[in-house]
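# Analysis of the macromolecular model
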Amino acid sequence: MVRAAVLSAVGVPLRVTDIDLPAPGPGRVRVALAAAGVCHSDISLSDGTLRQPVPAVLGHEGAGTVTAVGEGVDAVAPGDRVVLNWAPACRDCHLCGLGEPWLCTNAASAAGAPYATLAADGSALYPGLGTAAFAEETVVRAEALIPLPDGIPLAESALLGCAVLTGYGAVHHSARVRAGESVAVYGVGGVGLAAVQSARIAGAEAIVAVDASPEKEEPARAAGATDFVLADGDTTAKRVRAAAGGPGADVAIECVGRAETIRTAWSSTRRGGRTTVVGIGGKSEQVVFSALELFHFGRTLSGCVYGNSDPARDLPIIAHHVREGRLDLSGMVTDRIGLGDIPEAFAAMRQGRGGRSLVVFPGGRPVGTG
């Protein structure tokens, strides 16, 4: 038995309880988690914005050590340090064939099949996004694991599995930021801080961090922001354009997922500017543009899934930046917590407080109250 934070039904708080994990079957791997990041997507799963069968163990941003492997697994072995990949590409579908593995048709299939049982009554449990990282241990498909390069702290490497890959990819793959350009990053949580650091790595000249919380200014500047704009509604876009210099930012990265923020990000770019939407909004959020302004401004608005990243390709590159001191993982972590503290971390994210909360297990660093 292992301890896990279980979502028993959509819209109810997570509850820490015992679950029974099976031995890994063919193609499966058991992992002892060192840490798991608390991502806004976990909120979206818990409140029904994103679909997830329940009861479920959420958590998809994690890292740990392989403890056992099933038949046919040769990519990893017991003792290997790994990062969870919540969207493993099948490499066979149409979209994978087009070179877009982040849109893989079959990536989410594991989330729809039970993977464990509740210890109390034996009822089936589903893995959140196929990974179930809010637990001391998990069992996943071998394809859902990425070997962790040497020289990277195990606990902090959990952030590589979502926040960093997403923020880095949004800058380098979706927006394709070039040296000397100006970048505005809307929402300076975990993904936003990764985007700020990635814009600095890309050689952006001006990096404007935008957030509704004044407490985000210090970590944003530490990550590389040259300016900070406190979002206040009507004047936000104008102040971002001024901070970016000239007629507006070359690129805006939206990490909030709200219609108002998406519209503001788009409006803060210059003519011909590029806006990449990373944040996950609800289906009722509607963004409105006039036909004339779409023509006149010539701006580009694009979605971005998982940073348009291929973890197998990108994680070694990102790890190199971490080892060389260009990308700081620990600076993104504002709280180190236990399993029982996840509801409070959810509340902090809803209120726009903090960067990344990191659930740390005994395999990482024993902290927290959970």
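Below, the structure is looked at part by part. Treat the numbers as computed from the prediction; the structure is a model and nothing was measured.

Conventions we followed
- Residues numbered from 1 in each chain as written.
- Predicted model: local features only at pLDDT ≥ 70, side-chain atom pairs only at ≥ 80, totals over all residues.
- Heavy atoms only, no water.
- 1 Å grid on protein atoms, 1.4 Å probe; cavity = no way out; pocket = protein on both sides within 12 Å on 5 of 7 lines; lining within 4 Å.
- Points joined across faces, edges and corners; volume = space filled by probe spheres on them.
- Helix = DSSP H or I, 4+ residues; strand = E, 2+ residues; numbered from the N terminus.
- Nonpolar A, V, L, I, M, F, W, Y, C, P; charged D, E, K, R; others polar.
- Axes fitted to C-alpha atoms, helices over the stretch in contact; angles between N-to-C directions.
- Parallel < 35°, antiparallel > 145°, perpendicular 65-115°, else oblique.
- Left-handed = near helix turned anticlockwise from the far one by under 90°.
- Contact = heavy atoms within 4.5 Å.

## Concerning the layout of surface pockets
Within this model, the second largest pocket holds a volume of roughly 210 Å³. For the second largest pocket, the lining is made up of 16 residues, of which Asn85, Ala89, Arg91, Glu143 and Ala312 are closest to its centre. Elements represented by at least two residues in the lining of the second largest pocket include exactly β10 (145-147) and α9 (311-323). For the lining of the second largest pocket, the element with the highest residue contribution is β10, accounting for 3 residues. Classifying every residue of the lining of the second largest pocket gives 11 nonpolar, 2 polar and 3 charged.

## Some thoughts on the packing of helix α3 (residues 163-174) against helix α4 (residues 190-201)
Two numbers describe how α3 lies on α4: the axes approach to 7 Å, and their chain directions differ by 45°. Viewed along their axes, α3 and α4 adopt a mutual orientation that is oblique. Taken as a pair, α3 and α4 cross one another with a handedness that is right-handed. Side by side, α3 and α4 meet where Ala163, Val164, Thr166, Gly167, Tyr168, Val171 and His172 of the first sit next to Gly190, Val191, Ala194, Ala195, Ser198, Ala199 and Ile201 of the second.

## A closer look at empty space enclosed by the protein
For the coordinates displayed, the defined rule picks out 2 cavities of 30 Å³ or more. Put simply, the largest cavity is a space of about 50 Å³. Every residue lining the largest cavity is listed: Val38, Thr334, Asp335, Ala345, Ala348, Met349, Arg353, Gly354, Gly355 and Ser357. Counting only elements with at least two residues in the lining of the largest cavity, the list comes to β17 (333-337) and α10 (342-350). Among the elements that make up the lining of the largest cavity, the one with the highest residue count is α10 (3 residues). Residue composition of the lining of the largest cavity, grouped by class: 4 nonpolar, 4 polar and 2 charged. In this structure, the second largest cavity occupies an estimated 40 Å³ of space. Considering the residues around the second largest cavity, the lining is formed by Asn85, Trp86, Pro88, Ala107, Ala110, Leu129, Gly130, Thr131, Arg141 and Ala144.

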